[in-house]
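Structural features, examined
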Amino acid sequence: MSTRRYSAVLLFGMPGSGKGTQGQLLGKLQGVFHLSTGEIFRSLVDDSDDGHLVSDCIRRGQLVADHLTIEIWKHWLDAHIESGDFRPEEQILLLDGIPRTVRQCELLKDHVNVLQVIYLSVSDTEPIIQRLRQRALIEGRADDADESVIRNRFEVYARETTPILNFYPPALVREIDPMGTPAEVLKRILEPLIPVIATVRGSAGEFGGDEITPDVAE
Ligand code: AMP
């Protein structure tokens, strides 16, 4: 197991703010490796002890315990390095859904160096609830279908997750309006993100100059 610290950008925002959609689009850039804890957790098999615990938390809209979250996340990160999917010399690690508590920020410090926080800042939750209802129909996510679970996730976000914004220096936090089409939001994120990708890829060349080769499907 590696102990090095990886250059990372956090995709931060409330449930339904578009982290997953943007993470998937950004993950198609050559200089970015996208890792979502929600996706990791949903892929765990329910009949393992960890899987059972995790799916129970997801169903109720509660957070998985901090140590278990970091342990599972690190296990997956190492597996992606070993398989060559994540190439830290060329790629920035784009974290989606983690950290979600201040304790997780502290635990992550051993593993990542956070260069930027992309904060998808929601001013009105009603359109977000509509988005989650849509997603429930498309993706079949039970935690998006139940109104009381959605409200619980919002409360957990406000109580446990928003204090993270004070953990990182304000200069690292870039506030982005998450309303609009995925392409519009992507454009807003790329403006602050491209120079950060360049710091990792600069020596490799491709993102060092004006030229970028995003392979993003609309
Ligand atoms: P997401 O797809 O990011 O909305 O995550 C779905 C669910 O997975 C959350 O509601 C939590 O139950 C759990 N989860 C995801 N990431 C974390 C995390 N960093 N810490 C604790 N629980 C998490």
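Just so we're clear, the structure is a prediction, and the values are computed from it rather than from any experiment.

Right, let's talk about the site of the ligand for a bit. Close to the ligand lie 16 residues, the nearest being Thr37, Arg42, Gln62, Gly97 and Gln104. Arg42 places a side-chain nitrogen or oxygen 2.9 Å from an oxygen atom of the ligand. Between the ligand and the protein, one listed contact pairs a nitrogen atom with a backbone N or O atom of Gly97 at 2.9 Å. Contact with the protein chains removes 96% of the 480 Å² of surface that the ligand exposes when unbound. Elements supplying a minimum of two residues to the shell around the ligand: α2 (37-43) and α3 (49-60). Here the residues of the shell around the ligand sort into six nonpolar, six polar and four charged.

Now for the environment of Gln22. Mapped onto the fold, Gln22 is located in helix α1 (residues 19-26). According to the relative accessible area criterion, Gln22 is buried, its value standing at 3%. Sequence-distant contacts of Gln22, that is, excluding residues within four places in its chain, are made with Leu11, Pro182, Val185, Leu186 and Ile189.

Okay, the pattern of salt bridges next. Overall, the coordinates contain 14 salt bridges when judged by the stated rule. Its salt-bridge partner being Arg153, residue Asp144 comes within 3.0 Å of it at the nearest N-O pair. This pair shows no difference in class: Asp144 is buried, exactly as Arg153 is. The structure contains a network of salt bridges with shared partners spanning Arg135, Arg141, Asp143, Asp144 and Arg153.

About the thresholds
Residues numbered from 1 in each chain as written. Predicted model: local features only at pLDDT ≥ 70, side-chain atom pairs only at ≥ 80, totals over all residues. Heavy atoms only, no water. Near = heavy atom within 4 Å. Polar contact = N/O pair within 3.5 Å; in protein donor to acceptor, adjacent residues only side chain to side chain. Areas by Shrake-Rupley, 256 points an atom, 1.4 Å probe, with all protein chains shown as cover. Helix = DSSP H or I, 4+ residues; strand = E, 2+ residues; numbered from the N terminus. Nonpolar A, V, L, I, M, F, W, Y, C, P; charged D, E, K, R; others polar. Buried < 20%, exposed > 50% of the residue type's maximum accessible area, 1.4 Å probe, protein only. Contact = heavy atoms within 4.5 Å. Salt bridge = Lys/Arg side-chain N within 4 Å of Asp/Glu carboxyl O.

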